[in-house]
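Listed here are the chains, written in short residue letters.
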Amino acid sequence: MGKAAYCEPAPHANEQLEVTAEPSDIAASTAEPFCSRRITLVLGGGGCKALAEIGVLKVFAKNQIPINYIVGTSAGAIIGALYAGNVPLKDIEKMAYDGSFQRILAPHLTLHIICLPLSKLIHLIGPKPYAGLTNGSTLEKFLHKKLPHDFSELKIPFAAVAPDLESGNTCMITSGDLCKAVVASSAIPILVKPVTISDTIFIDGGIKANLPTKCAQLTKADIIVAVPADAPIRNEKKQKFCSMRKLALRIVDIMEAEIDKHRWEEADLVIYPEIGDTPPFTKDQEIIKRTIAAGEEAATAALPRLKVLLKSKTSHIPTP
């Protein structure tokens, strides 16, 4: 797996915090800063809700805000890796509008479900795979067309975050096969089989570190800027939850918001796009447009505070 850091132990884990790569080594691999203060950008997971992060990146690029390191989880890892790999923002945005992003997040499952009985027979005479409907190959093939093979070839240093399924620890993957690492960070349990990298089994980073600010601390950044992709939790009418789909989406929203809220204080600046009712998976052009615009609006509003941070001698300034 190369350079990786177990930056957060599982709850009630007996072992101490284990770091298999020195934080100084991770920081040393970052690009030369454009200014005296180094920024690590943290991109949270959330399916299509994370498309708001494209809007944030557009504002950073337009205002020439330096990004010295990107740490991403799940959908945030996909967007972060593409940007770190020097894929033009207009091309990343196009992927959202033409359905490419949605197809790699949730590949068509009909064929996989039909073939389940046959696959069980095949595995009677071979090794049994880890549980899941797909193996993430659609995303991996897509990424191989867009990205370099190795982390070392990226324009901006990048880390994909995923839990080690065996230990429960949160792992920060920073070297080796880039596309495989992003697939691991995006391996939604049940939907996608766990991904094995150097005998370690990984699942979707959103399970434990949907907004990986603690991981970002290992980059030795002067400023940590976090972008959560959570839907705001507001009161809903009871009748809405008669739908299985809406009930499931509500549960996901509550879980993500609960996981992420404890991570905000670990960042120096949180850019929170008001994404409204954007679902985890959508091809609706208007919703996509509104979600990306929400990221632009939130980043634009945060620019004055970010510029103060860039000029200040201490990282943290209180939120007004």
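What you see as residue numbers is a count from 1 along each chain, following the sequence as written. This being a predicted model, a pLDDT of at least 70 is required before a residue's local features are given, and a value of 80 or more before pairs of side-chain atoms are given or counted; all residues contribute to the totals for chains, interfaces and linings. In computing side-chain values, all of the structure's heavy atoms are included and hydrogens and water are not.

## So, the overall build of the chain
What counts here: Each helix is a run of DSSP H or I of at least 4 residues and each strand a run of E of at least 2, with the numbering of both proceeding from the N terminus. Buried residues are those whose accessible area, probed at 1.4 Å on protein chains only, stays under 20% of the maximum for their type, while exposed residues exceed 50% and partly exposed ones sit between those limits. Whether two residues touch is decided by their heavy atoms; if any such pair falls within 4.5 Å, the residues are in contact. The method behind every accessible area is Shrake-Rupley, applied with a 1.4 Å probe, and residues are considered shielded solely by the protein chains displayed.
Secondary structure summary: the chain contains twelve helices and nine strands in total. Classification of the 320 residues of the chain by burial places 53% in the buried group. Sequence-distant contacts in the chain: of pairs separated by 6 or more residues, those separated by 24 or more amount to 77%. For the chain, the exposed surface amounts to about 15500 Å²; the carbon and sulfur share of it is 58%.

## Examining the packing of aromatic side chains
Basically, it comes down to this: The aromatic pairing rule takes the rings of Phe, Tyr and Trp, using the six-membered ring of Trp, and pairs them if the centres are within 6.5 Å, calling planes under 30 degrees apart stacked, those over 60 edge-to-face and the rest tilted. Look at NZ for Lys and CZ for Arg. If either is within 6 Å of the ring centre and within 35 degrees of the ring normal, a charge sits over the ring.
One pass over the structure, following the stated rule, counts one aromatic pair. Their ring planes at 15° and their centres at 6.1 Å tell us that F151 and F158 sit as a pair that is stacked. Since its relative accessible area comes to 2%, F158 is described here as buried. Here K155 stacks its cationic end above the ring of Y83, 5.3 Å away from the centre of that ring.

## A short note on the pairing of strand β3 (residues 69-73)
How we decide: A right-handed crossover is one whose linking path, passing over the helix from the first strand to the second, runs clockwise when the strands point away from the viewer. Here, any two strands with at least 2 DSSP bridges between them count as paired.
Here β3 lies mainly inside the structure; five of its five residues are buried. Burial along β3 is two-sided: Y69, V71 and T73 facing one way and I70 and G72 facing the other are all buried. Each parallel crossover has a hand, and for strand β2 (residues 39-43) linked through helix α2 (residues 52-62) to β3 it is right-handed. Taken together, the four bridges between β3 and strand β4 (residues 158-163) define a ladder with parallel strand orientation. Its bridge partner lying in β4, I70 is registered against F158.

## Here's the deal with the side chain of D204
Where we set the bar: We treat Lys and Arg as the positive residues and Asp and Glu as the negative residues; His and chain ends play no part in the count. For salt bridges, the criterion is a side-chain nitrogen of Lys or Arg within 4 Å of an Asp or Glu carboxyl oxygen.
Tracing the backbone through its elements, the reader meets D204 in the loop between β7 (200-202) and α10 (213-216). Despite being buried, D204 has no salt bridge partner; K49 is the closest side chain of opposite charge, sitting 11 Å away. Excluding its chain neighbours within four sequence positions, the residues that come into contact with D204 are S74, P163, A184, S185, S186, A187, I188 and P189.

## Regarding the pattern of salt bridges
Scanning all chains against the criterion turns up seven salt bridges. A salt bridge links D91 to K90, with the nearest nitrogen and oxygen atoms 3.4 Å apart. R290 is the partner of D277 in a salt bridge, and the nearest nitrogen-oxygen pair spans 3.1 Å. Placement of D277 in the loop between β9 (269-270) and α12 (285-311) and of R290 in helix α12 is noted, with a sequence separation of 13 residues between them.

## Topic: the confidence of the model for the chain
Note the following rule: The pLDDT score gives, residue by residue, the confidence of the prediction method on a 0 to 100 scale.
Model confidence for the chain is summarised by a mean pLDDT of 79, while 68% of its residues fall at 70 or above. Taken together, the stretch residues 30-34 has pLDDT below 50 and engages in 13 contacts with residues farther than four places along the chain or on a different chain.

## A look at the side chain of K208
The cut-off we apply is this: Under the rule applied, a polar contact is a pair of N or O atoms within 3.5 Å (in protein, one hydrogen donor and one hydrogen acceptor; residues adjacent in sequence only if both atoms are side-chain atoms).
Relative to the helices and strands, K208 resides in the loop between β7 and α10. On the basis of relative accessible area, K208 is assigned to the buried category, the value being 16%. A polar atom in the side chain of K208 sits 3.1 Å from the side chain of T170.

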